[in-house]
Amino acid sequence: MKLLFQNLNKTYVVFAAFAFLVAVFYGNTLRNGFIYDDHQQVEQNIYVHSLRYLPKVFTGCAWEYSLGQCKDRVAYWRPMQAFSYLLTYQLSSAPFLFHLVNLLYFTAAVSALFVFARALSGNFWFSFLSALIFLVHPVNSEVVNWVATTSDILMVAFLFLSLTFYLKHRKAEEFLAGNIFRDKNFLISVAFYFLALLSKEPAAFMVGIVIFLDIFFFKKSFGSVFRFDSLKRYGAFVAVFLGYFAMRVAVLGGFGLGEAGNYYGEFSLANRVYAFFTLFAAYLEKLVWPFPLMFFNFFEKKDNFVSLEFVVAFLVTLAFFAALFLLIKKKSFMAAFSLFWIFNFLAIVLTSLDSLGENIFTERYLFLSSVGFAFLVSSLLLYLWRAVSPIRFARAAVVAAVLILLLGSWQAVLARSAVWHDDEVFYKDTLSKNPRADTIRFNWGVYLRVNKGDFEGARREFLEILERSPNRSNNTMVYLHLGDYEREITGNTEKSLEYYRLSAEFGEKDSDWKAHFAYDRLGSYYA
């Protein structure tokens, strides 16, 4: 009993330390406002403003109020995100509170990671270092700073809880007499898995983690995975997923690709293979060296398999999987688990190009995979700590190096959080780092027109988009704004009609529902 209280006290001290570090690293985000998608999903979304819209949590989607409907227009159904917004808004509509809620969720997620890692490894320092690296990694700053990514943090927290209870279930399996449904730990694990699914789609891939744990940590043979008792266990997770998927289809009217698949047109098999290897290598590089931190990275469809980019990416991917299989062969299961975790939760990004929209390569897609990176670095640090113990002052040097890295990460996160202060700072920073971010340039143009009253400046941004990307699928609204400029500023009816016709044509070609705005304006001329 005394040992139990000591462990509990130690755990609470760790939780308090994580809360303190979250405040130190991300406290300045509390000064930030709503930004980018936050305006449509929270600020202008009346469905999260009143409890009378509570049913909309499950029957609607975050973009429903802005787009008019969910079916065939939206790729996402995330009820836990909407529920969080709804509850938070009842306390205050101020951005401060939404950012504070994100920090509380993030603290909970880091703490849940510590608990899961400790249950998995039994090693306090491995667990502490893993959670610490996840907390301080600059690549995660986008998710923590952005209110619209509350779903990511919730998903991660629920996944860690689900896996923790799954480990408890597995360790107590010998006392269950074969009936897994009598074990509350298993039922709680399945329940948290469902909540993770309701938070964000990549949670579906947790089943891969469960199978890996069974085979390599609980010493189950590959054949035993297909036995009836194992199939019952995995079947419970699959049944929950199918129930979630049926609800998702009912709300979104299908698989939920919405408009996302229109940005790059059709991907050929060659395009997909090229993207798989090059994106995977790029994401691995971002995990190791996340700089520059940037919201919108450039992506282009390619299929040149003899290019240097592809050859290097192919070799990096080959080395990654060779290392994974070598670690498994050497029974270094924790290191192997780290690599498997990274790939497992990147797989949905690498294989779902049609549903990712225009921003295919982005930091927030690494939020869950960065956990595997944290596991790997923690393992390496502990190995290094043991290896240098005979060398005088070597451990002091290791500690000094870690402290320097923590200080550098702190400075990077603080600077990045300041970029998320408001739309103007955010748009300017993104465009300075990536001038080809046409979606951001369009939003910057709209901001200049609506918020600054600078229609001339907005027109320059819209024309730059057309000059660089004349066939961009989302040019429907670019032409519409240019038509408005000619109508409202120059009074050039002929030119405005030309732009409205182009807007309508692009909308029809891309099956873009926003083409109706152009038809409305054309109709007003001829009425």
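As the structure is a prediction and not an experimental result, all values here were calculated from the model. (Residues numbered from 1 in each chain as written. Predicted model: local features only at pLDDT ≥ 70, side-chain atom pairs only at ≥ 80, totals over all residues. Heavy atoms only, no water.)

**Q** Where do I start with the nonpolar core in this structure?
**A** Soluble globular proteins tend to bury their nonpolar side chains together. Counting residues in each nonpolar core, the largest one holds 116 residues, and the members touching the most others are Phe 106, Phe 116, Phe 134, Leu 279, Phe 337, Trp 341 and Phe 375. At 15 residues, the largest contribution of residues to this core is made by helix α15 (residues 333-351). Setting aside its immediate chain neighbours within four residues, Phe 134 contacts Phe 106, Val 110, Leu 113, Asn 140, Val 156, Phe 367, Ser 370, Val 371 and Ala 374. Within the second largest apolar cluster, 41 residues are counted, among which are Val 48, Trp 146, Leu 466 and Ala 504. (Core = buried A, V, L, I, M, F, W, Y, C linked by side-chain atoms within 4.5 Å. Buried < 20%, exposed > 50% of the residue type's maximum accessible area, 1.4 Å probe, protein only. Helix = DSSP H or I, 4+ residues; strand = E, 2+ residues; numbered from the N terminus. Contact = heavy atoms within 4.5 Å.)

**Q** Looking at this structure, how should I read a nonpolar patch on the surface?
**A** Side chains of Phe 20, Val 24, Leu 407 and Trp 410 sit close together on the surface and give an oily, nonpolar patch of about 370 Å² of accessible area. Looking at the nonpolar patch, the elements that each hand over two or more residues are α1 (2-26) and α17 (394-419). In this structure Phe 20 comes out as exposed when scored by relative accessible area, which is 58%. (Patch = residues over 30% accessible without salt bridge, like charges linked within 9 Å, V, L, I, M, F, W, Y side chains within 5 Å. Areas by Shrake-Rupley, 256 points an atom, 1.4 Å probe, with all protein chains shown as cover. Salt bridge = Lys/Arg side-chain N within 4 Å of Asp/Glu carboxyl O.)

**Q** Just to check I follow, could you spell out the environment of Leu 502 for this structure?
**A** With respect to the helices and strands, the residue Leu 502 is situated in helix α22 (residues 493-509). Assessed through its relative accessible area of 23%, Leu 502 is described here as partly exposed. Spatially, the C-alpha atom of Leu 502 lies 8.6 Å from that of Ala 518, the residues being 16 residues apart in sequence.

**Q** Looking at this model, I keep getting lost on the side chain of Asn 28. Mind explaining?
**A** Along the chain, Asn 28 falls in the loop between α1 and α2 (38-43). Asn 28 sits in the buried class, given a relative accessible area of 12%. Beyond its immediate stretch of four places on either side in the chain, Asn 28 contacts Leu 414, Ser 417 and Ala 418.

So far we have only geometry, and geometry alone does not tell us how the molecule works.
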